[in-house]
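Single-letter residue listing:
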Amino acid sequence: MVKILDHGTWPLLEEDEGLHPAGAEPLWSESFYLDFAAEDGSLAGYVRLGLYPNWNRAWYWACLVGRDRPLVLLTDDRAPLPGPGLALTGGGYRATQEVTAPMRSFRLTLNAEAAAVLDDPAQAYADPGGAVRTPLELDLEWKTVGGVYPYGFIQRYEVPCEVGGVIRVGGEEIPFSGYGERDHSWGERDWWGVSWLWSSGRLDDGTFFHGMRANVGVEMPWPCFTVSPDGLLDHREGFTAATEFGEDGFPARSRLAVPGAPMTAVPIAFAPVAMTSPGGAVARFPRALCRFETEDGRSGYGWTEWHQPPGWREHPWH
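What counts as what
Residues numbered from 1 in each chain as written. Predicted model: local features only at pLDDT ≥ 70, side-chain atom pairs only at ≥ 80, totals over all residues. Heavy atoms only, no water. Helix = DSSP H or I, 4+ residues; strand = E, 2+ residues; numbered from the N terminus. Rg over C-alpha atoms; globule rule 2.2 N^0.38 Å. Buried < 20%, exposed > 50% of the residue type's maximum accessible area, 1.4 Å probe, protein only. Contact = heavy atoms within 4.5 Å. Patch = residues over 30% accessible without salt bridge, like charges linked within 9 Å, V, L, I, M, F, W, Y side chains within 5 Å. Areas by Shrake-Rupley, 256 points an atom, 1.4 Å probe, with all protein chains shown as cover. Salt bridge = Lys/Arg side-chain N within 4 Å of Asp/Glu carboxyl O. 1 Å grid on protein atoms, 1.4 Å probe; cavity = no way out; pocket = protein on both sides within 12 Å on 5 of 7 lines; lining within 4 Å. Points joined across faces, edges and corners; volume = space filled by probe spheres on them. Nonpolar A, V, L, I, M, F, W, Y, C, P; charged D, E, K, R; others polar. Pairing = 2+ DSSP bridges. Phe/Tyr/Trp six-rings, centres within 6.5 Å; stacked < 30°, edge-to-face > 60°. Lys NZ or Arg CZ within 6 Å of the ring centre and 35° of its normal. Axes fitted to C-alpha atoms, helices over the stretch in contact; angles between N-to-C directions. Core = buried A, V, L, I, M, F, W, Y, C linked by side-chain atoms within 4.5 Å.

Below, the discussion takes up the overall build of the protein. Summing up its helical and strand segments, the protein has zero helices and 22 strands in all. Relative to the 2.2 N^0.38 estimate, which gives 20 Å for 318 residues, the radius of gyration of the protein is 18 Å and therefore close to what a compact globule would have. Dimensions of the protein, computed from the C-alpha atoms along their principal axes, are close to 45 × 40 × 40 Å. The burial tally for the protein puts 53% of its 318 residues in the buried class. For the protein, restricting intrachain contacts to residue pairs at least 6 apart in sequence, the fraction spanning at least 24 positions comes to 55%.

In this section: a nonpolar patch on the surface. There is a patch of nonpolar side chains on the surface, built from Val194, Val216, Val218 and Met220 and spanning about 310 Å² of accessible area. Checked against the element boundaries, valine 218 lands in the loop between β13 (208–214) and β14 (224–227).

Applying the stated rule across the entire model yields one cavity of 30 Å³ or more. Here the largest cavity is characterised by a volume of approximately 30 Å³. If you go around the largest cavity, the residues you meet are Leu197, Arg213, Asn215, Ala241, Thr243 and Trp317. Split into classes, the residues belonging to the lining of the largest cavity amount to three nonpolar, two polar and one charged.

Here we take up the pattern of salt bridges. What the rule picks out here adds up to 18 salt bridges. What you see here is one network of salt bridges that share partners, running through Asp35, Arg287 and Glu305.

Among the nine residues in strand β22 (residues 299–307), nine count as buried, and that is most of the element. Burial along β22 is two-sided: the residues Ser299, Tyr301, Trp303, Glu305 and His307 and Gly300, Gly302, Thr304 and Trp306 are all buried. In the sheet, strand β12 (residues 196–203) pairs with β22 via eight bridges, with the strands oriented antiparallel. Bridge pairing in β22 links arginine 202 to tyrosine 301.

Applying the stated criterion to the full structure yields 29 aromatic pairs. Seen in terms of ring centroids, phenylalanine 270 and tryptophan 306 are 6.4 Å apart; in terms of plane orientation they differ by 50°. Their pairing is tilted. Linking phenylalanine 270 in strand β18 (residues 263–270) with tryptophan 306 in strand β22, this pair joins segments that are 36 residues apart in sequence. The buried category is assigned to phenylalanine 270, whose relative accessible area is 16%. A relative accessible area of 0% means that tryptophan 306 is categorised as buried. Cluster of aromatic residues (ring-pair linked, three or more members): Tyr52, Trp55, Trp59, Trp61, Trp191, Trp192, Trp196 and Phe285. The ring of tryptophan 61 has arginine 48 sitting right over it, with the charged end atom 5.1 Å from the ring centre. Geometry around tyrosine 179 places arginine 202 over its ring, the cationic atom sitting 3.7 Å from the centre.

Ordered by their spatial adjacency, nine strands build an open sheet running β15-β14-β13-β12-β22-β21-β18-β17-β16, and the pairing between neighbours is antiparallel. The two strands at the open ends of the sheet, each matched to only one other strand, are β15 (233–235) and β16 (241–245). In this sheet, adjacent strand axes meet at a mean angle of 20° when their direction is disregarded.

With 61 residues, the main nonpolar core has Trp61, Trp191, Leu256, Met275 and Trp303 as its most contacted residues. The contact partners of tryptophan 191, leaving out residues within four places of it in the chain, are Tyr33, Arg48, Tyr52, Trp59, Trp61, Trp196, Met275, Ala283, Phe285, His307 and Pro309. Residues Leu12, Met103, Leu140 and Cys161 belong to the second largest nonpolar core, which totals 42 residues.

Here we come to the layout of surface pockets. Roughly 520 Å³ of volume is contained in the largest pocket. Forming the walls of the largest pocket are 25 residues, and the residues nearest its centre are Ile154, Glu188, Arg189, Trp196 and Met212. For the lining of the largest pocket, the secondary-structure elements that each account for two or more residues are β1 (28–38), β11 (172–188), β12 and β13. For the lining of the largest pocket, the class distribution of residues is 13 nonpolar, six polar and six charged. Size it by volume and the second largest pocket reaches roughly 340 Å³.

Let's shift gears to the environment of arginine 78. Of note, arginine 78 is situated in strand β4 (residues 71–79). C-alpha separation for the pair arginine 78 and tryptophan 55, spaced 23 residues apart in sequence, amounts to 9.8 Å. The contact partners of arginine 78, leaving out residues within four places of it in the chain, are Arg57 and Ala58.

Following this line, the structure appears as structure tokens:
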């Protein structure tokens, strides 16, 4: 039996691994995130599938980063809504997302003929039409470690995982074994209003962690959990974060106040995307593979995102 942490606010069920009826809001969406990182940080990536039934489209993003590697990125913000089983066919790519055992395992495949190769991640904010292209294939499975963590105040849950499978990029085939996190959420999401930080990773003693903070002007009991090396998932009360940004808008470092494991997150490989609203507003989404270093000497790798809607620099990031 997989542990599902109970905040006492809404019941998360195994059936919630499936799709949900769409709300009436124009920006109602359903989102699946899956990220991964090698234990030594040498290779990492993430995939996001966002469904916007009232906008009649899906967003599909997939990337690969790593030590001494350029960013390999596929973005399609006008993808067709997927068919049964979350199978998606876009321009030059095919992708599947499958819950193989509810709350226990999830398999993802991608076969892309021509993902962009970007030496400068900032190119992802512009039209990468002239970029060098390479094939990108993923066949990966996420297996739950410790349990499942729902957020207390919105329909969303996070799942720390072991990740394994095969990655093919260019002419290279890479057997992959590492760690990551997947999440699933549904409801109205306005990407062009609130900014936030989200972070998850695994430390070298086997501890998983997750924390999220939105910049809404007041501190709240933000979502935060750890999974101990022996597999115990627990909510952690009191998470907060502070970030330093460069002039180019990319974060330089974040201070993550994970209760029991305060740490610094330093980006080592960015995989950003930009998104445009129905009205033409543009938000930027610098997401990065990070190295985490705790005050007590542990270290590890994972992913952090710093969402930047219009006016984000005036938001309370500290």
